[in-house]
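Single-letter residue listing:
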Amino acid sequence: MKRCIVLLVAVSLCFSMTACAGEPYAKYTMSFFGTFDTFVTIIGFARSQETFDKVTAAAQTRFERLHQVYDGYTAYEGVANLYALNQEAAKGPVRVEPELMELLLYCREMQPKLAGAVNIALGAVLRVWHDFREDPVALPEMKKLQDAAKHINFDDVKLDEESGTVEFLDPALKLDLGAVAKGYATEVVAKEMLASEMPSFIIGAGGNVRAGNPPKDGRKRWTVQVEDPDGNVFATDGSDRLDLIYTANASVVTSGDYQRYVMFDEKRYHHIISPETLMPADALRAVTVVVEDSGLADLLSTALFILPYDTAMEVLQSFPGAEAMWVLPDRSVVMTDGMKKITSSHGATNK
Ligand code: AMP
Ligand code: MG
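Only a predicted model underlies this, so the values are computations on that prediction, with no experimental measurement involved.

Conventions and cut-offs
- Residues numbered from 1 in each chain as written.
- Chains lettered and ligands numbered in written order.
- Predicted model: local features only at pLDDT ≥ 70, side-chain atom pairs only at ≥ 80, totals over all residues.
- Heavy atoms only, no water.
- Helix = DSSP H or I, 4+ residues; strand = E, 2+ residues; numbered from the N terminus.
- Rg over C-alpha atoms; globule rule 2.2 N^0.38 Å.
- Buried < 20%, exposed > 50% of the residue type's maximum accessible area, 1.4 Å probe, protein only.
- Contact = heavy atoms within 4.5 Å.
- Areas by Shrake-Rupley, 256 points an atom, 1.4 Å probe, with all protein chains shown as cover.
- Lys, Arg positive; Asp, Glu negative; His and termini not counted.
- Charge placed at Lys NZ, Arg CZ, Asp CG, Glu CD.
- Near = heavy atom within 4 Å.
- Polar contact = N/O pair within 3.5 Å; in protein donor to acceptor, adjacent residues only side chain to side chain.
- Nonpolar A, V, L, I, M, F, W, Y, C, P; charged D, E, K, R; others polar.
- Pairing = 2+ DSSP bridges.
- Donors = N, O, S within 2.8 Å, 3.2 Å for Na, K, Ca; no water.
- Expected span 1.5 Å × (residues − 1).
- Axes fitted to C-alpha atoms, helices over the stretch in contact; angles between N-to-C directions.

## Side note on the overall build of the protein chain
Summing up its helical and strand segments, the protein chain has 10 helices and 15 strands in all. Against the compact-globule benchmark of 20 Å for 351 residues, the protein chain has a radius of gyration of 22 Å, which places it among compact chains. With the C-alpha coordinates aligned to their principal axes, the bounding extent of the protein chain is approximately 85 × 50 × 35 Å. Taking all 351 residues of the protein chain together, the buried fraction comes to 49%. Sequence-distant contacts in the protein chain: of pairs separated by 6 or more residues, those separated by 24 or more amount to 60%. Of the accessible surface of the protein chain, which amounts to about 17500 Å², a share of 54% is contributed by carbon and sulfur atoms. Positive and negative side-chain charges of the protein chain, numbering 34 and 48 respectively, have mean locations separated by a distance of 7 Å.

Structure representation (structure tokens):
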């Protein structure tokens, strides 16, 4: 009798699974622009266009909200964002949006693990470089950079979780979330999509890619292109490709000297600044990091771009599952053994 019931349950479960299965999976794509200065493209496998549209509309809304909260250059009506914080926090405690407090707490936890390479309180120095890139008439004077560097101590940022307020104890301090915000936001969106009706997806947001569950077309992994630092981004023949990475449930994030820069006196001045020299880090062309969490991948790629190789390896190895690929100034490529296992240049496939 007992066996009979078990069998019956199994049969009815099976039946309901077949009934639920409904339409087969199909691949859908959408893109939008306007968040984090980049095109965001989402590819997903869903049983209907309707499901895809619903899940990606929620993803876009979340990206838009987080873009506003982490924006350091623009005020938005009713949003206690990074811009407002930088304007007001030297005068006393400022209430911030909960998503901003979360990211600041995350950075407080993570920064000590990155060998001093990434400091979100480096804003005063980064502004000098930002202004130069906007209007490159004369190189920033070292004295100006050194003066700015007197105001970059993250300990001078008082985070009060209870009251949801932030205060700068140094009135000249500024926060800059450029090294982490896009990846952190992408991870928030990815977590929501993994819990949605469409957990098989990939999000591309500029140099930040986050793959969800594997594709539903027989492939085991998604294919992510690593750009050639000297490639033409408009190329459609693959000539802008340095390598391919095959992965699922992971992020692939690149920091590179070709992503944001100006040429001045025939030299490239890009956006990743060494806290030690106060100059654009110049030992590498690009670094790509693979690790599950996109916020961590974003922090790590910026850190590894700045750090000397030995320190970079120590930092990387302190994060289980993290892999990296370095592109050197002579265009040669160095990668960890784990990275070799997932790159097409070393024979990997997405099967
Ligand atoms: P990413 O493209 O993720 O490597 O981040 C680069 C961005 O991070 C820059 O545009 C700056 O806004 C910011 N940034 C640059 N250098 C640093 C640094 N050493 N620490 C923290 N943020 C930085
Ligand atoms: Mg980064």
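## So, the site of ligand 1
Around ligand 1, 18 residues are found, and the nearest of them are Asp176, Ser255, Ile273, Asp298 and Thr302. In the model, a nitrogen atom of ligand 1 is placed 3.0 Å from a nitrogen or oxygen of the Asn119 main chain. In this structure, Asp176 approaches ligand 1 through a side-chain N or O atom, which is 2.8 Å from an oxygen atom. Summarising the interface, the protein chains cover 93% of the accessible area of ligand 1, which totals 500 Å² for the free molecule. The element contributing the most residues to the shell around ligand 1 is helix H8 (residues 294-306), with 3 residues. Split into classes, the residues belonging to the shell around ligand 1 amount to 9 nonpolar, 6 polar and 3 charged.

## Digging into the pairing of strand E13 (residues 286-291)
Burial within E13 is extensive, with 6 of its 6 residues counted as buried. The pairing of strand E10 (residues 250-256) with E13 spans 6 bridges and is classified as antiparallel. Bridge assignment links Ser251 to a residue of E13, and that residue is Val291. Summarising the sheet, E13 and strand E14 (residues 323-327) pair through 5 bridges and their orientation is antiparallel. Each residue of the ladder has a partner; that of Val287, found in E14, is Trp326.

## Some words on the coordination of the magnesium ion (ligand 2)
Around the magnesium ion (ligand 2), the protein supplies Ala179 (O), Asp298 (O), Asp298 (OD) and Thr302 (OG1) as donor atoms, at distances of 2.0 to 2.4 Å. Within one chain, the residues serving as donors to the magnesium ion (ligand 2) are arranged as A-x118-D-x3-T. Of this pair, Ala179 sits in the loop between strand E5 (165-168) and helix H7 (181-194) while Asp298 sits in helix H8; the two residues are 119 residues apart in sequence, bridging distant segments of the chain. By relative accessible area, which is 6% here, Asp298 ends up buried.

## A closer look at helix H4 (residues 98-110)
Between its first and last C-alpha atoms H4 spans 18 Å; for 13 residues at 1.5 Å apiece the expected length is 18 Å, and the two agree. Buried within H4 we find Glu99, Leu100, Met101, Leu103, Leu104, Tyr106, Cys107 and Met110.

## What to know about the sheet that holds strand E3 (residues 94-95)
If you trace the 3 strands from one edge of the open sheet to the other, you get E3-E5-E4, paired in antiparallel fashion. Across the chains shown, the open sheet's two edge strands, defined by having one partner strand only, are E3 and strand E4 (157-160). Across 2 bridges, E3 lies against E5 in antiparallel orientation. Each residue of the ladder has a partner; that of Arg95, found in E5, is Thr165. Packed onto the sheet, H4 meets E4 and E5 and runs at close to 120° relative to E4.

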